[in-house]
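# Topology and contacts: notes
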Amino acid sequence: MLATRRRLTPAVMLAAALLASASLLVTHPDADANVPVDPTPADGEVLVKDTEEYGEVSVSTSRVQGNGQLTDQAFTVTNHVVSEYAQQGTDGKPQEYLLVWAGDENAADTAVHDAETLPDSLLDPVNKVKNASVGPDFLAVIDVTEGSPSYGKLVNTATVGPLVSNEPHHMQYTWSKGDTVFAGGLFNSMTYAFDVSDLPEIKLKGVSTPVDTPGGSVPDAYSVLEDGTAYATYMGGPVLPGPHRYSDGSVRTGNGYAGSPGEVVRFDENGNVLSESPAATSQGGDPEQCENVPQVDKATCANPHGIQVREDLDTMVTGDFVEPRTLILDPIDPPSPYLFRSTVRIWDISDRNHPKVTSVQRLPDDPQEDPEDPRHRDSSGLMEVTVTQQPGNKGAFAQTMQGGAIYYAPDITAQEPQWRKVWDDGDALKEFHPSSGTEAADTNGGWIQTSANDQFLYHTIMGREKGALGSDDPGAPGGMISLDISKLVNSKNPKCDLHSKPEGKPKSADCPTLAGAAGINRDQPGMGPHFGTVDNFELGPDGKYRETDQPDRLAGTDYFVARAGHRTDHKLWVTDVGENGELSVDDDFRDDATNSPGWDFNRDAWPHGPFGNAKPHKGLFVVADQDVE
């Protein structure tokens, strides 16, 4: 049974769309007398201010001009370092940090929920107004040094300017010494390149604006290469509708900003654009499976979201998710379920500046099932991909947000990699809460990442909101899981395929098994983490950090995209990982205001000012360069 959901009227949708669009053009609200704004220091200057909530805060700014020949706007990152925690002793132990790319919450973020819940959403106007004004987006720098007296404390908020409402989204999946941190603004198609070599302070190395990437919009994920350059998926279409010529001379026709087709951009370490490459093939996609609004001359599903690279194989994998403006313009009732994608793209990156799509496969569905809503088929809403990392392995995984499935292809270098379903997210739900059902549809799985030794696959699941599958649907909780994938990736001829498993028969012996599960907000359906990251560092006996292939911590964030209608609680969680993949919520990582597990981004004040709630989308474990071997 399909859920009965209130459809927004055209007038409400137009108002919401205009509000969202207008917010993209706003710069810092220093003209608002009700929002105190720090003076911006000159380069190299440090100002010190006293705050009631954080004590002494040191403020410093770095500036860059926009990259490219057509942009002369100055962009800034302003540090607000909390002196007490930046200077707190750790018995000589160097500090490790979690960077969290977070956006200021404002009226545009609550518009969808308010429209869904009229007239009740009009009952508390005071609190609505309190958090309605627009503040700066920022990188939060949180101390996660094990054993540190400032463990879990906020050390810095590095605000970006002058643009606000970037909708901070993704950074790269993991960080290594010397890497630039690349961070994207989902709504305004900005890419920021940050220097984190001298933590807890952050500098701005460069920015890329939509002028610099006319072939795509809506940046999603980043993958940094060994030479310090990075690939980025731009999920949306060219900035202007019509034909667009890419760096390799090829031409594709698009339907405009946040539409289709998307592209892959290569950046240098300062955020300069090296090349733009089309995700769409010249022949287009299946018109029945690849709808576009408005339709383009050749139907395409090319809306790349997740991205991971095997440089040793000269191969890149991207996963197509959705025509992105669909989620914003009508999140309550999208015009077609076939705007959600189910295609994986394999790229040849032997010419690093001109990656080329070599194959496009649609993930298979269960031939025995025909869900009433096509959004609930196994393959719907492909979001994230991850690759195996050991030299002898050539496989990759892909997961679906609407379908609640994980797929595996043993050899991504094959001419036509063969994908098969190997995991169903419904099998983890009772681990989050014993009364949960096992229906995986619409459980909103997100991040997946292999461990460096290819033994485990880590995965976040937001869960399903109550009523999503019908009036009698109790919903499902979310959390983080680890799967033991060792038998699957080490098999020369893997047998696991859940679509071919006879009813009532056990899974193949090489199928992934659940090694660990940590429920997040166990009693609140649909309130689990959307994205995660692996702590890829360990402290050596010499007092230096080094990268490890056996991580002992993960971090996850409870936030997707507010204007897409998903409601979460804006918390950051750390989970401990046992030797055999067991997961448990880190009880020591607590909010400094409530003293409860999980770090809450809903708060009145920050080191940069009283700007209210913030939306944490992506975290990244980092260490100052001098402290890494």
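Going by the structure above, here's the rest.
Computed from a predicted structure; not experimentally measured.

Turning our eyes to something else, we now look at the pattern of salt bridges. The tally for this structure, following the rule as stated, stands at 22 salt bridges. A salt bridge links Arg-266 to Asp-227, with the shortest nitrogen-to-oxygen separation between them at 3.0 Å. Of this pair, Arg-266 sits in strand S14 (residues 263–267) while Asp-227 sits in the loop between strand S10 (217–224) and strand S11 (230–236), and the two are 39 residues apart along the sequence. Judged by relative accessible area, Arg-266 falls into the buried class, the value being 8%. For Asp-227, a relative accessible area of 47% gives the class partly exposed. The partner of Asp-373 in a salt bridge is Arg-375, with the nearest N and O atoms 3.0 Å apart.

Let us now look at the packing of aromatic side chains. Under the counting rule described, the total for this entry stands at 16 aromatic pairs. With a centroid separation of 6.2 Å and 15 degrees between ring planes, the pair formed by Phe-182 and Tyr-222 is classed as stacked. Note that Phe-182 is positioned in strand S7 (residues 181–185) and Tyr-222 in strand S10, a separation of 40 residues in sequence. For the pair Phe-182 and Tyr-222, a shared accessibility class is recorded, and that class is buried. For the ring pair Phe-397 and Tyr-408, a centre distance of 4.7 Å and an interplane angle of 35 degrees mean the geometry is tilted. Of the two residues, Phe-397 is situated in strand S21 (residues 396–400) and Tyr-408 in strand S22 (residues 405–409); the sequence distance between them amounts to eleven residues.

On to the side chain of Asp-600, then. Structurally, the position occupied by Asp-600 is in strand S34 (residues 599–600). In this structure the side chain of Asp-600 is engaged in a polar contact, spanning 2.8 Å, whose partner is the backbone nitrogen of Asn-602.

Another point: the sheet that holds strand S15 (residues 273–278). Ordered by their spatial adjacency, four strands build an open sheet running S10-S11-S14-S15, and the pairing between neighbours is antiparallel. The two strands at the open ends of the sheet, each matched to only one other strand, are S10 and S15. The sheet shows a mean angle of 25 degrees between the axes of neighbouring strands, direction not considered. Alignment of S14 against S15, held across five bridges, turns out to be antiparallel. Directly across from Val-264, in S15, lies its bridge partner Ser-277.

Here we take up unusual backbone geometry. Residue Ser-260 is joined to Pro-261 through a cis peptide bond whose omega torsion reads -10 degrees. With respect to the helices and strands, Pro-261 occurs in the loop between strand S13 (251–254) and S14. Omega for the peptide link from Val-293 to Pro-294 comes to -10 degrees, which places this bond in the cis form. Here Pro-294 lies in the loop between S15 and strand S16 (304–310). Located in the positive-phi region is Asn-444, a residue other than glycine, with phi close to 60 degrees. Looking at where Asn-444 falls in the secondary structure, it is placed in the loop between helix H6 (429–432) and strand S24 (445–450). Looking at Asn-444, the relative accessible area reads 4%, which means it is buried.

Taken as a whole and judged by the stated rule, the model has two disulfides. Between the sulfur of Cys-290 and that of Cys-301 lies a disulfide, 2.0 Å long from S to S. Between Cys-290 and Cys-301 the sulfur-sulfur dihedral comes to about -105 degrees; the bridge is accordingly left-handed. Here Cys-290, found in the loop between S15 and S16, pairs with Cys-301, found in the loop between S15 and S16; they are eleven residues apart in sequence, far enough to count as distant. Across this residue pair, the class does not change: Cys-290 and Cys-301 are buried. Between the sulfur of Cys-496 and that of Cys-511 lies a disulfide, 2.0 Å long from S to S. Residues Cys-496 and Cys-511 are joined by a disulfide whose S-S torsion is about 100 degrees; by sign, that bridge is right-handed. Of the two residues, Cys-496 is situated in the loop between helix H7 (486–490) and strand S27 (513–520) and Cys-511 in the loop between H7 and S27; the sequence distance between them amounts to 15 residues. Assigned by exposure class, Cys-496 and Cys-511 land together as buried.

This part takes up a negative patch on the surface. Together, Glu-146, Glu-538, Asp-549 and Asp-552 give the surface a local cluster of negative charge. Relative to the helices and strands, Glu-146 resides in the loop between strand S5 (138–143) and strand S6 (154–161).

What counts, and at which threshold
- Residue numbers run consecutively from 1 along every chain, following the written order of its sequence.
- With the structure being a predicted model, the display of local features is reserved for residues of pLDDT at least 70 and the display and counting of side-chain atom pairs for 80 or more, all residues being used for whole-chain, interface and lining totals.
- Side-chain measures were taken over the full set of non-hydrogen atoms in the model, leaving aside hydrogen atoms and water.
- One side-chain nitrogen of Lys or Arg within 4 Å of one carboxyl oxygen of Asp or Glu is enough to make a salt bridge.
- Each helix is a run of DSSP H or I of at least 4 residues and each strand a run of E of at least 2, with the numbering of both proceeding from the N terminus.
- Here's how the labels work: a residue is buried when its accessible area is under 20% of the maximum for its type, exposed when over 50%, partly exposed in between, all with a 1.4 Å probe on protein chains only.
- Aromatic rings from Phe, Tyr and Trp, with only the six-membered ring used for Trp, were paired whenever their centres fell within 6.5 Å, and each pair was classed as stacked if the ring planes differed by under 30 degrees, edge-to-face if by over 60, and tilted otherwise.
- Two N or O atoms form a polar contact when they lie within 3.5 Å of each other; inside protein one atom must be a possible hydrogen donor and the other a possible acceptor, and for residues adjacent in sequence the pair counts only when both atoms belong to side chains.
- Any two strands are treated as partners once DSSP identifies two or more bridges connecting them.
- A fitted line through C-alpha atoms represents every axis, and for helices the fit uses only the stretch in contact; the resulting angles, taken between N-to-C directions, go from 0 to 180 degrees.
- Count a disulfide wherever a pair of cysteine sulfur atoms falls within 2.5 Å.
- Each patch is built from residues that are more than 30% exposed by relative accessible area and take part in no salt bridge. Like charges join if they lie within 9 Å; nonpolar side chains (Val, Leu, Ile, Met, Phe, Trp, Tyr) join within 5 Å.
- Working definition of accessibility: Shrake-Rupley area with a 1.4 Å probe, residue cover restricted to the visible protein chains.
- The positive count covers Lys and Arg only, the negative count covers Asp and Glu only, and His and the chain ends enter neither.
- For charged residues, the charge sits on one atom: NZ in Lys, CZ in Arg, CG in Asp, CD in Glu.

These values are about where atoms sit, not about what they do.
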